[in-house]
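# Chain and residue survey
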Amino acid sequence: MLRFYLFISLLCLSRSDAEETCPSFTRLSFHSAVVGTGLNVRLMLYTRKNLTCAQTINSSAFGNLNVTKKTTFIVHGFRPTGSPPVWMDDLVKGLLSVEDMNVVVVDWNRGATTLIYTHASSKTRKVAMVLKEFIDQMLAEGASLDDIYMIGVSLGAHISGFVGEMYDGWLGRITGLDPAGPLFNGKPHQDRLDPSDAQFVDVIHSDTDGYYADNWKDHLRGKDPPMTKAFFDTAEESPFCMYHYFVDIITWNKNVRRGDITIKLRDKAGNTTESKINHEPTTFQKYHQVSLLARFNQDLDKVAAISLMFSTGSLIGPRYKLRILRMKLRSLAHPERPQLCRYDLVLMENVETVFQPILCPELQL
Ligand SMILES: [Ca+2]
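## Overview of the overall build of the protein
Helix and strand counts for the protein come out as 8 helices and 17 strands. Burial status across the protein gives 41% buried among its 365 residues. Across the protein, the fraction of contacts at a sequence separation of at least 24, relative to all contacts at a separation of at least 6, is 71%. Total accessible area computed for the protein in this model is approximately 20,800 Å², and 54% of it derives from carbon and sulfur atoms.

The following block contains the structure:
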């Protein structure tokens, strides 16, 4: 019994030891917010090797940080109560679940915690300087600015902007989440987050003054000119926009065909763009319509030629034909544009078939 008790005690001891070695985000009391806090910036690293147990890192101790991978900094904002941000853990886990990268939580709770907003905002430049020093060291170790991504919330958005400004906008990306308005709205670009601070800057407002997030369309429609452009997803390279079209295809092969369709569009000026269809192979059944979602890097207003290629993906065996009764191209972003059709086509496997589309009849029976 004594031995069992000792075992339990050792177990508890080792567990509490392990917990102590995992640093956690600075937790302060409301009292700290009342009296105010001096600035202290801590960098806490999470990777897939240490998903749940952070490592405190600095310019001379990188821990698991791998400079050949992407590094995402998460920078919080004003903390009027001293408590850690409740969303931080979910964001860290979410990022690491989609990509094997370095996630650095920038804990400046000492500094951000105060009841007086101007005291917190006055420290943002200093936080940016600390981050610049750290990133400089990362670059010296072989990291690339292209791989640096900063997600900044509230004041953290402007901190990210200041860091980006110090690198003349060559950081890979900055995402501003509800960037702080007071003391920043209407200021020159060097005093706030702006589109020139990184190669790609995106901002999400969920609490724009006076507008609810779910009313964004009405708000933007009222602007002159109207600003309602939504992109379902974006490309990896500049200019990042993706344009979506539906390609409706009805086939009449006797047997079921499975395969991919590659689509190219060309306009009268000779500009071409190729689809990025990256879903599972499509099943074509006789007289059944399938609607493929095609993504293009360019939005060609007046399509002069369409090219289709069918592929089953198999390198050996017979080449198949896909007999198309009707194909229809329609823009998702511009449903008012005329839909383009073509009838009676036979696609030979792995052979590009180029044709001029015609306007679809207004009424399709
Ligand atoms: Ca700026």
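## So, the sheet that holds strand 7 (residues 200-204)
Hydrogen bonds between backbone groups are what pair the strands of a sheet, and the pairing can be parallel or antiparallel. Here 7 strands make up an open sheet; going across it, the order is 2-1-4-3-5-6-7 and the pairing mixed. With partners counted over all chains shown, the strands left at the sheet margins are strand 2 (55-57) and strand 7, one partner each. Ignoring strand direction, the axes of neighbouring strands in this sheet form an average angle of 20°. In this sheet, strand 2 lies alongside strand 1 (residues 40-46) in antiparallel orientation, the contact comprising 3 bridges. Its bridge partner being in strand 2, Met 44 is matched across the sheet by Thr 56. Together, strand 1, strand 2, strand 3 (71-75), strand 4 (102-108) and strand 5 (148-153) form the strand contacts of helix 6 (residues 124-140), whose direction differs from that of strand 3 by roughly 165°. Where helix 7 (residues 155-166) meets the sheet, its contacts fall on strand 3, strand 4, strand 5 and strand 6 (173-177), and the angle it forms with strand 5 comes to roughly 150°.

## Points about the coordination of the calcium ion
At the metal site, the calcium ion is ligated by His 189 (O), Arg 192 (O), Asp 194 (OD), Asp 197 (OD) and Asp 197 (OD), and these contacts range over 2.3 to 2.6 Å. One chain supplies every donor for the calcium ion, spaced along it as H-x2-R-x1-D-x2-D. On the basis of relative accessible area, His 189 is assigned to the partly exposed category, the value being 40%.

## Here's the deal with the confidence of the model for the protein
Averaged over every residue, the pLDDT of the protein is 87; the share at 70 or more is 86%. In the predicted structure, residues 1-19 sits below a pLDDT of 50 and forms 0 contacts with residues beyond four places in sequence or in another chain.

## Structural notes on unusual backbone geometry
Backbone geometry places Ser 154, a non-glycine residue, at a positive phi of 55°. Among the secondary structure elements, Ser 154 is positioned in the loop between strand 5 and helix 7. Located in the positive-phi region is Leu 183, a residue other than glycine, with phi close to 75°. Along the chain, the position of Leu 183 falls in the loop between strand 6 and strand 7.

## Brief notes about the nonpolar core
Counting residues in hydrophobic clusters, the biggest one holds 37 residues, and the most contacted among them are Leu 65, Phe 73, Val 106, Trp 108, Leu 131, Met 150 and Leu 171. Only strand 1, strand 3, strand 4, helix 5 (117-121), helix 6, strand 5 and helix 7 provide two or more residues apiece to this core. Here this core gets 6 residues from one element, more than from any other, and that element is helix 6. When residues no more than four places from it in sequence are discounted, the contact partners of Trp 108 are Leu 39, Asn 40, Val 41, Val 75, His 76, Gly 77, Ala 120, Lys 123, Thr 124, Val 127, Leu 155 and Ile 159. Counting residues in each nonpolar core, the second largest holds 26 residues, with Val 247, Val 290, Val 303 and Leu 340 among its members.

## Details of the side chain of Thr 71
Considering the arrangement of structural elements, one finds Thr 71 in strand 3. A relative accessible area of 1% means that Thr 71 is categorised as buried.

## Quick look at the pattern of salt bridges
Across all of its chains, the model carries 11 salt bridges by this definition. The partner of Asp 107 in a salt bridge is Arg 42, and the shortest N-O contact between them spans 2.8 Å. Here Asp 107, found in strand 4, pairs with Arg 42, found in strand 1; they are 65 residues apart in sequence, far enough to count as distant. Residue class for Asp 107 comes out buried when judged on its relative accessible area of 0%. Because the salt bridges share partners, they merge into one network encompassing Asp 299, Asp 301, Lys 302 and Arg 337.

## Details of the environment of Val 303
Tracing the backbone shows Val 303 in strand 13 (residues 303-311). For Val 303, a relative accessible area of 15% corresponds to the buried category. Along the sequence, Val 303 and Ala 269 sit 34 residues apart, while their C-alpha atoms lie 9.7 Å from each other. Filtering out sequence-adjacent residues up to four positions away, Val 303 remains in contact with Leu 265, Arg 266, Asp 267, Leu 340 and Pro 357.

## Some remarks on the state of the cysteines
The tally for this structure, following the rule as stated, stands at 2 disulfides. Here Cys 22 pairs with Cys 53 through a disulfide, and the sulfurs are 1.8 Å apart. On the S-S bond that ties Cys 22 to Cys 53, the torsion sits near -115°, and the link is left-handed. One end of the pair, Cys 22, is in the loop between helix 1 (2-21) and helix 2 (30-35); the other, Cys 53, is in the loop between strand 1 and strand 2, with 31 residues separating them in the sequence. When its relative accessible area of 26% is taken as the criterion, Cys 22 is described as partly exposed. A sulfur-sulfur distance of 2.0 Å marks the disulfide that ties Cys 341 to Cys 360.

Procedures and definitions
- Residues numbered from 1 in each chain as written.
- Predicted model: local features only at pLDDT ≥ 70, side-chain atom pairs only at ≥ 80, totals over all residues.
- Heavy atoms only, no water.
- Helix = DSSP H or I, 4+ residues; strand = E, 2+ residues; numbered from the N terminus.
- Buried < 20%, exposed > 50% of the residue type's maximum accessible area, 1.4 Å probe, protein only.
- Contact = heavy atoms within 4.5 Å.
- Areas by Shrake-Rupley, 256 points an atom, 1.4 Å probe, with all protein chains shown as cover.
- Pairing = 2+ DSSP bridges.
- Axes fitted to C-alpha atoms, helices over the stretch in contact; angles between N-to-C directions.
- Donors = N, O, S within 2.8 Å, 3.2 Å for Na, K, Ca; no water.
- pLDDT = per-residue confidence, 0-100.
- Core = buried A, V, L, I, M, F, W, Y, C linked by side-chain atoms within 4.5 Å.
- Salt bridge = Lys/Arg side-chain N within 4 Å of Asp/Glu carboxyl O.
- Disulfide = S-S within 2.5 Å.

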